[in-house]
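# Descriptive structure summary
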Amino acid sequence: MKRTAINPVQWSVSLGFDQGTLVDKHSRTLHCSGQTAMNHDGAPMHEGDMAAQLALTLDNLDAVLAAADMSMSNVVRLGIYTTDVDLLFQHYGPLMARLAAAGVTPATTMLQVSRLAVPGQMIEIDATAVD
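The present account deals with the structure reproduced in this document. Sequence order as written defines residue numbering, which begins from 1 separately in each chain. Totals for whole chains, interfaces and linings use all residues, but because this is a predicted model, local features are given only for residues with pLDDT of at least 70 and pairs of side-chain atoms are given and counted only at 80 or more. As a rule here, side-chain values come from all non-hydrogen atoms in the structure, and water together with hydrogens is ignored.

Glancing now at the side chain of T82. Along the polypeptide, T82 turns up in strand β4 (residues 75-82). Judged by relative accessible area, which is 0%, T82 ranks as buried. Polar contact is the term for a pair of N or O atoms within 3.5 Å; when the atoms are in protein, one must be able to donate a hydrogen and the other to accept it, and sequence-neighboring residues count only if both atoms are side-chain atoms. Reaching out from T82, the side chain makes a polar contact with the backbone nitrogen of D84 at a distance of 3.1 Å. A polar contact is formed between the side chain of T82 and the backbone oxygen of M122, at a distance of 2.8 Å. Contacts between residues were defined by any pair of non-hydrogen atoms, one from each residue, lying within 4.5 Å. In contact with T82, other than residues within four places in its own chain, are M50, L88, L111, Q112, V113, M122 and I123. Counting from the N terminus, the helices are the DSSP runs of H or I reaching at least four residues and the strands are the DSSP runs of E reaching at least two. Throughout, exposure labels follow a simple rule: accessible area from a 1.4 Å probe, protein chains only, divided by the maximum for the residue type, with under 20% read as buried, over 50% as exposed, and the rest as partly exposed.

Next comes the structure, spelled out in structure tokens:
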């Protein structure tokens, strides 16, 4: 796969995302459903703890990627939905660290929503990955 960052402006790069990602010569695309802080049995975890929910959400996203023989390095787009953007930004470091370790700055959208599908969940992340 050939990946090219598209940034007609540069401010987003310092925040860890590109304005666009052009992907050429890829063979597979994985569309990941929104991942949240749910355990293997589907029970919500860490109510009221944004840091713990973010960590488990990222672990769950990693598991979906791994099941398709991919990793965070294959992610070209993230959708981030949260019930509290300001609180999420206080705990954003682990997400930035995972993206930096994978060497990616995917196109990203972040939205604050009034609630997620499962009561008590504060963050949900969906992704598109290619190889």
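Let's shift gears to a nonpolar patch on the surface. Any residue with relative accessible area above 30% and no salt bridge may belong to a patch, with like charges joined within 9 Å and the nonpolar Val, Leu, Ile, Met, Phe, Trp and Tyr side chains within 5 Å. Each accessible area is a Shrake-Rupley result for a 1.4 Å probe, and residues are judged covered by the shown protein chains and nothing else. Criterion for a salt bridge: a side-chain nitrogen of Lys or Arg within 4 Å of a carboxyl oxygen of Asp or Glu. There is a patch of nonpolar side chains on the surface, built from V9, W11 and L15 and spanning about 300 Å² of accessible area. Residue position: W11 is located in the loop between β1 (2-6) and β2 (20-24). With relative accessibility at 53%, the residue W11 sits in the exposed group.

Turning our eyes to something else, we now look at the pattern of salt bridges. All told, the structure shown has 4 salt bridges when counted by the stated rule. Of the charged contacts, one joins R28 and D131 as a salt bridge, the two residues approaching to 2.8 Å between their closest N and O atoms. With R28 in the loop between β2 and β3 (29-35) and D131 in the segment after β6 (123-130), this residue pair connects regions lying 103 residues apart in the sequence. Residue R98 is joined to D62 by a salt bridge in which the shortest nitrogen-to-oxygen separation is 2.7 Å. In this pair, R98 is assigned in helix α3 (residues 93-102) and D62 in helix α1 (residues 50-67), connecting sequence segments 36 residues apart. The partly exposed category is assigned to R98, whose relative accessible area is 24%. A cluster of three or more residues bridged by salt bridges with shared partners is formed by D59, D62 and R98.

All right, on to unusual backbone geometry then. Positive phi values are uncommon outside glycine, yet H46 reaches one of about 65°. One can find H46 in the loop between β3 and α1. For D69, which is not a glycine, the phi torsion comes out positive at approximately 55°. Within the secondary structure, D69 sits in the loop between α1 and β4.

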